[in-house]
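# Close look at the chain arrangement
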Amino acid sequence: MTPSALLHDGLREAAARYGDRDAVLAGDARFSFRDLDAASDRLAAALAPEVAAGNRVALMMTNRIEFVIAVNALSKLAAASVLLSPAWKQREVDHALSITGAKRAIADAGAVELLTELLGADAVIDLDGGRYAAAIASPAQAPSRHARPSDDAVLVFSSGTTGLPKAVRHTHASIGHGIRHWIEALGLTDDDRFQVATPPSHILGLLNLVTAAAAGATVRLHPRFDLDEVLRRIQD
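Parameters and conventions
- Residues numbered from 1 in each chain as written.
- Predicted model: local features only at pLDDT ≥ 70, side-chain atom pairs only at ≥ 80, totals over all residues.
- Heavy atoms only, no water.
- Core = buried A, V, L, I, M, F, W, Y, C linked by side-chain atoms within 4.5 Å.
- Buried < 20%, exposed > 50% of the residue type's maximum accessible area, 1.4 Å probe, protein only.
- Helix = DSSP H or I, 4+ residues; strand = E, 2+ residues; numbered from the N terminus.
- Contact = heavy atoms within 4.5 Å.
- Pairing = 2+ DSSP bridges.
- Axes fitted to C-alpha atoms, helices over the stretch in contact; angles between N-to-C directions.

## Comments concerning the nonpolar core
Counting residues in each nonpolar core, the largest one holds 56 residues, and the members touching the most others are Leu 43, Leu 59 and Ile 106. Residue contributions to this core peak at 8 residues, all from helix H8 (residues 203–215). Setting aside its immediate chain neighbours within four residues, Leu 59 contacts Phe 67, Ala 70, Val 71, Leu 74, Ser 81, Val 82, Leu 83, Leu 84 and Ile 106. In this structure, Ala 80, Leu 84, Leu 97 and Val 124 belong to the second largest nonpolar core, which totals 19 residues.

Quick look at the structure:
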């Protein structure tokens, strides 16, 4: 599949083309392309009253399927995802929020408490809380918003080896170029299955997941790298 103009187009087109084929495997759970596209529609609809086009929303979560749902939902809202490492402490997170202007967040585990302290409880969606569950369960379509290829899609961060992490801005167009290159470099097709243990807050983790959708490939998403588990999944 040829990557399209906007970040979420890869998943949307895969849902139309491949439907109920496996998109992401996580533990014993299976999520089809249609499942993920519909879930991101519902989350986008739930967020629409509070997230305007051009807004930046922080995502701070562990390796989990909800990352795919959230980053595509924000793209459908013509908003940008600010990817925060779940390993960061308050100093790094406060810095990242300050320089990107993110006023809302989607998070899990200890990140929920940290972001609540910085942004307020009403601004943070806990992936394991009732608000998120209700949003995903609601039968709703994403609002009709249209980003431009030159608009921000995601902001990722440098490693911060010479100071605090620096934000790296990616437009929909630049992510599209990255997807196209990654598909060509890997020779990735809809027959492929591969494993991802890289954190989604890292550019490689993000790129692996959105590239897989654009190519129609199936991903095995691991919460962390575990050699025995990876080898067992390859065998299976």
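## Thoughts on the sheet that holds strand S7 (residues 152–157)
Pairing within the open sheet is mixed, and its 6 strands lie in the order S6-S5-S3-S4-S7-S8. Each end of this open sheet is capped by a strand with a single partner; those strands are strand S6 (124–126) and strand S8 (167–171). Strand-to-strand twist across the sheet, computed as the mean angle between neighbouring axes with direction ignored, equals 20 degrees. Alignment of strand S5 (residues 104–107) against S6, held across 3 bridges, turns out to be parallel.

## Looking at the pairing of S7
A regular strand carries its side chains on alternate faces of the sheet. With 6 of its 6 residues buried, S7 lies for the most part within the structure. Here strand S4 (residues 80–83) pairs with S7 via 2 bridges, running parallel. Residue pairing for S7: Ser 81 is matched across the bridge by Val 154. The sheet contact formed by S7 and S8 spans 5 bridges and is antiparallel. Counted as the bridge partner of Phe 157 is Ala 167 from S8.

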